[in-house]
Amino acid sequence: MPLCPPLIRHLNTPDLFVTIDRLPCLGTPVSDRTFEIFNPSTGELLAELPDMGAEETRAAIGKAHVAQPEWAALTARERSDILWRWHQLIVDHADDLAAILTAEMGKPLAEAKSEVSHAAAYLQWYAEEANRIYGETISAPSTDRRMLVIKQPIGVVGTITPWNFPASMVARKISPALAAGCTIVLKPAEQTPLVAGAMFALADKAGFPEGVVNLVFASEGDAVGRELCSNPKVRKISFTGSTEVGRLLMRQCSDQIKKLSLELGGNAPFIVFDDADIDAAVDGAIQAKFRNAGQTCVSANRLYVQASVHDRFVDEFVEKVRRLSVGDGFDPAVAIGPLIDRHALAKIESHIADAVAKGGAVRCGGNRIGKEGTLFQPTVLTDISCEMAVAREETFGPLAPIIHFEDADRIVHEANDTIYGLAAYFYASNLKRVWRVAEALEYGMVGINTGRMSSEAAPFGGIKQSGIGREGSRHGLEDYLEMKYLCMGGL
Ligand code: SIN
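Residues numbered from 1 in each chain as written. Predicted model: local features only at pLDDT ≥ 70, side-chain atom pairs only at ≥ 80, totals over all residues. Heavy atoms only, no water.

**Student:** It is not clear to me how the pattern of salt bridges should be interpreted in this structure. Could you clarify?
**Tutor:** A side chain of one charge can pair with a side chain of the opposite charge if their charged atoms are brought near each other. The tally for this structure, following the rule as stated, stands at 24 salt bridges. Among the ionic pairs, Glu 478 bridges to Lys 151, the shortest N-O distance being 3.0 Å. Linking Glu 478 in helix α17 (residues 473-478) with Lys 151 in strand β4 (residues 146-153), this pair joins segments that are 327 residues apart in sequence. For Glu 478, a relative accessible area of 35% puts it in the partly exposed group. Ionic contacts of the salt-bridge type, sharing partners, join the residues Arg 172, Lys 173, Glu 263 and Glu 471 into one network. (Salt bridge = Lys/Arg side-chain N within 4 Å of Asp/Glu carboxyl O. Helix = DSSP H or I, 4+ residues; strand = E, 2+ residues; numbered from the N terminus. Buried < 20%, exposed > 50% of the residue type's maximum accessible area, 1.4 Å probe, protein only.)

**Student:** Is there a simple way to think about the side chain of Asn 39 in this case?
**Tutor:** By the element assignment, Asn 39 lies in the loop between β1 (34-38) and β2 (45-50). Classification of Asn 39 as buried rests on a relative accessible area of 4%. Of note is the side chain of Asn 39, whose polar atom sits 2.7 Å from the backbone nitrogen of Ser 41. A polar atom in the side chain of Asn 39 sits 3.3 Å from the backbone nitrogen of Thr 42. Sequence-distant contacts of Asn 39, that is, excluding residues within four places in its chain, are made with Glu 44, Leu 46 and Ala 103. (Polar contact = N/O pair within 3.5 Å; in protein donor to acceptor, adjacent residues only side chain to side chain. Contact = heavy atoms within 4.5 Å.)

**Student:** Just checking my understanding: could you explain the site of the ligand for this structure?
**Tutor:** Around the ligand, a shell composed of His 118, Asn 164, Phe 165, Met 169, Arg 172, Glu 263, Arg 291, Thr 296, Cys 297, Val 298, Ser 454 and Phe 460 is seen. One of the side-chain nitrogen or oxygen atoms of Asn 164 is found 3.3 Å away from an oxygen atom of the ligand. Here an oxygen atom of the ligand sits 2.8 Å away from a polar atom, N or O, in the main chain of Cys 297. Among the cavities detected, the one that contains the ligand is the second largest pocket. Of the residues in the shell around the ligand, the class split is 5 nonpolar, 4 polar and 3 charged. Among the domains, domain 1 (5-264 + 466-486) and domain 2 (268-464) are the pair contributing at least three residues each to the shell around the ligand. (Near = heavy atom within 4 Å. 1 Å grid on protein atoms, 1.4 Å probe; cavity = no way out; pocket = protein on both sides within 12 Å on 5 of 7 lines; lining within 4 Å. Sits in = over half its atoms within 2 Å of the grid points. Nonpolar A, V, L, I, M, F, W, Y, C, P; charged D, E, K, R; others polar. Domains from an automatic or database assignment.)

**Student:** Explain the domain arrangement of the chain to me, please; I cannot follow it from the model alone.
**Tutor:** How big an interface is tends to be stated in terms of accessible area lost as the parts join. What the domain assignment lists for the chain is domain 1 (5-264 + 466-486) and domain 2 (268-464). For domain 1 and domain 2, the distance between their C-alpha centroids amounts to 30 Å. The interface is formed by 36 residues belonging to domain 1 together with 35 residues belonging to domain 2. Buried surface at the junction of domain 1 and domain 2, summed over both partners, amounts to about 2,800 Å²; 56% is from carbon and sulfur atoms. (Buried area = accessible area lost by both parts, 1.4 Å probe.)

**Student:** Honestly, the layout of surface pockets in this entry has me stumped. Any pointers?
**Tutor:** A water-sized probe, rolled over the atoms, reveals where empty space remains. Here the largest pocket is characterised by a volume of approximately 1,200 Å³. Per-element tally for the lining of the largest pocket: the top contributor is helix α10 (residues 243-254), with 7 residues. Here the lining of the largest pocket is built from residues that sort into 15 nonpolar, 13 polar and 10 charged. A domain split of the lining of the largest pocket shows at least three residues from each of domain 1 (5-264 + 466-486) and domain 2 (268-464). Here the second largest pocket defines a volume of roughly 370 Å³. Listing elements by their share of the lining of the second largest pocket, those giving two or more residues are α6 (109-129), α7 (168-180) and α11 (278-290). Sort the elements by how many residues they give to the lining of the second largest pocket and α6 lands first, with 5 residues. Of the residues in the lining of the second largest pocket, the class split is 12 nonpolar, 8 polar and 7 charged. Taken domain by domain, the lining of the second largest pocket gets at least three of its residues from each of domain 1 (5-264 + 466-486) and domain 2 (268-464). (Points joined across faces, edges and corners; volume = space filled by probe spheres on them.)

**Student:** Teacher, can you tell me more about the environment of Asp 95 here?
**Tutor:** If you trace the backbone, Asp 95 turns up in helix α5 (residues 94-105). On the basis of relative accessibility, which here comes to 44%, the residue Asp 95 falls in the partly exposed class. Separated by 64 residues in the primary sequence, Asp 95 and Ser 31 have C-alpha atoms spaced 33 Å apart. Aside from chain neighbours lying at most four places away, what touches Asp 95 is Asn 12 and Lys 113.

Here it is in structure tokens:
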């Protein structure tokens, strides 16, 4: 049994999930090797899963490859019906999925529930979108020809999902692939494979034909990733994670010119102009910075606040940050859970130390909570300058550095001065400024007077070294389709 009592006691329907290590979509492990999953809040052992590698990945790819033509040959409505059934099962088991997510990842249960409903929303969206795959006809330059474009599924897709949104990223990647007629092999993050396993248990119940969805559990990603990238049966890789791993996958895919969707790191600026609604900007900054303990690739990484509103913003912001309670995600009073591991703690501490050494001031927080575990106080730094590490590197934690600025025109230039281009936010009310800044920010997504913009209806993704492709919306479906031009002559 992979799930241990500390997790099982949170579940309403444990029977559905206790045999996650024996799911039909998992395949057969070739060795007895296992790996353990722990609750980052309590350190309790939650589960032991088979530790798979290249061989099991190859077998999963083989199954996906055999199943793909038949899956693609179903009508869009038939594929859509199965996605709908999966969606409904996820909705029906949302509380259990959220409990599994909180146990393995640490985020507050309310956030976990919101993530599971976001995952369900992707399934719903692509169950609908499956029916809207269109081609086009083109006016031919001569009368004896007809020219058309049809869209066809890419084929087998290898997907690798991250630990920070272990449920919604599974749905965001695989629901458009399945709607398009692709089959998939998924490797979830080694820290958080259980909610993916539970979602796949529900996928098996939803009735996907054998080989359409395939799961590989592994304690490290190298062997699985290499097999996915080098196996010619896999036609596309979709990855969410660090820019460093994204570069590696891109190199590994280059021999076969394999298609890639990459959703990578960010260094999001959050700019508050002097004409902003400051109360709204404070609330937006709390959300953009501290959701998921700052472990979000669209997290506000550096806050720029214009001089005339700086002190008011800082005072209100610090007061609200001090009130955020930190602890076990199952405690309903908790707003911020643990960090995923000790490396994450060390990175925040190094960013704070670097900033303080260069003249930064700690306005609240700044320390670990307790000696064991990975809880960290939500922290606000002021007197930050652009050469500090905290302004240049992604922190991925509950640390908000505030940079004071005077010149509204120069600040956009400074905000763009990064290799990343995922998300940016700004608060302003002057319409002319709103348009000018929105157009000038070099980012794939811009939040205007909002601290949250992720939605199944919108294209999520970045430019520059933040990635390739888009997830969500009709554009997310296009990323799993090939375009084929048909030219009929002799007419
Ligand atoms: C992320 O990919 O880190 C953010 C996902 C989200 O905002 O839903």
